[in-house]
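Fold and geometry: a report
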Amino acid sequence: MTTRNGTGPFYDFSNAQWQKVRETHRRFSGNGGLGRPLLVPENLLGLLWKQYRGLFPKEDEIVLAGPSRRDLEMDAAIRFFVSSAQAMADSPVPHDLFPFLFISRAFYGHSQRLSEPFGTVTEVNGATHAQARPSISDLSQVKHLKLKPVAECPYLSRSLEVLRYFMESSEGRYHVQHMVTTGPCDTVNYALGSTLFLESLYTNPAELHQLLRMATDVIIEHIQACQRIAPGKLVSDHTPLLDGAYCICSEIRSQFSREHYEEFEMPYLKEIGKAVGPLHIHVSGPIEHSVPSTLADENIRHYKFWLRDCNLARVTEMVGDRVSVDFFRNDCMPSLGFPSVSAYFKYVFESLKPETRWTITEYCPADYNKAYGELEREGRLPRQIRTLGPLPEIA
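The sections below set out a description of the structure shown in this document. (Residues numbered from 1 in each chain as written. Predicted model: local features only at pLDDT ≥ 70, side-chain atom pairs only at ≥ 80, totals over all residues. Heavy atoms only, no water.)

**Section: the overall build of the chain**
Tallying secondary structure elements over the chain gives 14 helices and eleven strands in all. For a compact globule of 395 residues, the expected C-alpha radius of gyration is about 21 Å, and the chain comes in at 22 Å, within 12% of that figure. Referenced to the eigenvectors of the C-alpha coordinate spread, the extents of the chain come out at roughly 65 × 60 × 35 Å. Each of the 395 residues in the chain was classed as buried or not, and the buried ones make up 56%. Accessible surface for the chain amounts to roughly 17100 Å². Of this, 50% is attributable to carbon and sulfur atoms. Averaged over its 42 positive side-chain charges, the chain has a centre that lies 4 Å from the centre of its 47 negative ones. (Helix = DSSP H or I, 4+ residues; strand = E, 2+ residues; numbered from the N terminus. Rg over C-alpha atoms; globule rule 2.2 N^0.38 Å. Buried < 20%, exposed > 50% of the residue type's maximum accessible area, 1.4 Å probe, protein only. Areas by Shrake-Rupley, 256 points an atom, 1.4 Å probe, with all protein chains shown as cover. Lys, Arg positive; Asp, Glu negative; His and termini not counted. Charge placed at Lys NZ, Arg CZ, Asp CG, Glu CD.)

Put into structure tokens, the structure is as follows:
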């Protein structure tokens, strides 16, 4: 629709479509789930753009609201996702997604921005890579450490401006995937460097706790600032669910023991959840050792992890339907990857439990259907996969 002040058109779902997707996500996020996987493919817009480009309205006809001083790169991104809302609404590809805006990490300094109050310098190389230069070389520095105010942190302060720009430019009409956010251990790891951080678990636990206390405060204040800018509109950056949750990247936990997780990460994650609401957790690395402790935190609702770093059948056994799950395929590490996408789907199908609540984050019908057919012929097709059925091929 085009507004009275001449902005827009701002494309969106119909009321009936919104009612359906909200109910679907509500059921998926509750006990018992949907009885089938949730289809939230990250590649949906790419597929639609390639095969059904006519579904996308002309972006150059969209007049954005907000500041008079414009950023052309951000405007192009906003217009694309506004246009995508219409393509998503008319999609011939089945899905359980909904219109939302995505903010490129290049605009706000990735997760490394959160360590800038500790004095780190964030180096950004586009949307895929960033590095924080560690600022603390000795734990004796911690006693007298004072955090820099947000206004003096280039990317951390910019990130709030970027979020506000996206919201104002679209008149606050859309959900926004929140900016990637690390937990306390990963944020402190940026400031120390991994070697010093891991050593400190044994040599300087008191000083490490002091840093984690400071990082927790920084993270809570940042998330709450984002929530004030986009009230009720933020969705998880890794898995877009309409469950009101915020995703925390709790990654270096994969490198230390369950006991260390319970002492150095778990209490602070609980505090963050109590302050900002339910959480998703993303882990790059092994998770089996810390799953029981994670499940003890009632704030945590969803788990995303690297598939080949754990035994999926064992994880789904431990998880049950306590949290929903989804996975990375480890494609960036060929030696740990799968020989084919169909082999990946077959492995997932074989590892599921009847109560597993999980999301399909890639729409690859030929590979999915191949795995489906093989297990069906073998009489081993899980009920929830049969309920979903084969995926329609793309014309």
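The structure having been displayed, the exposition proceeds.
**Describing the pairing of strand β10 (residues 324–328)**
Among the five residues in β10, four count as buried, and that is most of the element. In this fold, the crossover linking strand β9 (residues 300–306) to β10 by way of helix α11 (residues 312–319) has right-handed handedness. (Right-handed = clockwise from strand over helix to strand, strands pointing away.)

**Re the packing of aromatic side chains**
Counted according to the given criterion, the structure contains 22 aromatic pairs. Between the aromatic rings of Phe 349 and Trp 358, the centroid separation amounts to 6.4 Å while the plane-to-plane angle is 65°, which identifies the pairing as edge-to-face. The buried category is assigned to Phe 349, whose relative accessible area is 2%. (Phe/Tyr/Trp six-rings, centres within 6.5 Å; stacked < 30°, edge-to-face > 60°.)

**Examining the pairing of strand β7 (residues 246–249)**
Burial of the side chains of β7 extends over both faces: Tyr 246 and Ile 248 are buried on one face and Cys 247 and Cys 249 on the other. Of the pairings in the sheet, the one linking β7 to strand β8 (residues 279–283) comprises four bridges and is parallel in character. Paired with Ile 248 across the strands is Ile 281, a residue of β8. (Pairing = 2+ DSSP bridges.)

**Re the pattern of salt bridges**
Scanning the entire structure with this criterion turns up 17 salt bridges. Across the pair Glu 262 and Arg 258 runs a salt bridge, and its minimum N-O distance is 3.0 Å. One end of the pair, Glu 262, and the other, Arg 258, are both in helix α8 (residues 258–264), four residues apart, so they sit about a helical turn from each other. Residue Glu 362 pairs with Arg 329 through a salt bridge whose shortest N-O separation is 2.6 Å. With a gap of 33 residues between them, Glu 362 in the loop between β11 (359–360) and α13 (365–377) and Arg 329 in the loop between β10 and α12 (341–351) connect regions that are remote in the sequence. With relative accessibility at 22%, the residue Glu 362 sits in the partly exposed group. Judged by relative accessible area, Arg 329 falls into the buried class, the value being 13%. (Salt bridge = Lys/Arg side-chain N within 4 Å of Asp/Glu carboxyl O.)

**Comments concerning the sheet that holds strand β6 (residues 234–235)**
Reading across the sheet, the three strands line up as β2-β5-β6 and stay open at both edges, with parallel pairing between neighbours. Edge positions in the sheet fall to β2 (100–101) and β6, since each has one partner strand and no second. Two strands pair when backbone bridges link them, and strand β5 (residues 175–177) and β6 are joined in this way by two bridges, in the parallel orientation. Bridge pairing in β6 places Val 176 opposite Leu 234.

**Side note on the sheet that holds β10**
Strands sit in the order β7-β8-β9-β10 across an open sheet of four strands; the sheet is parallel. One side of each edge strand has no neighbouring strand; the edge strands of this open sheet are β7 and β10. Neighbouring strand axes in the sheet, compared pairwise and without regard to direction, differ in orientation by 20° on average. By the bridge criterion, five bridges tie β9 to β10 in an arrangement that is parallel. When the bridges of β10 are listed, His 302 appears paired with Ser 324. (Axes fitted to C-alpha atoms, helices over the stretch in contact; angles between N-to-C directions.)

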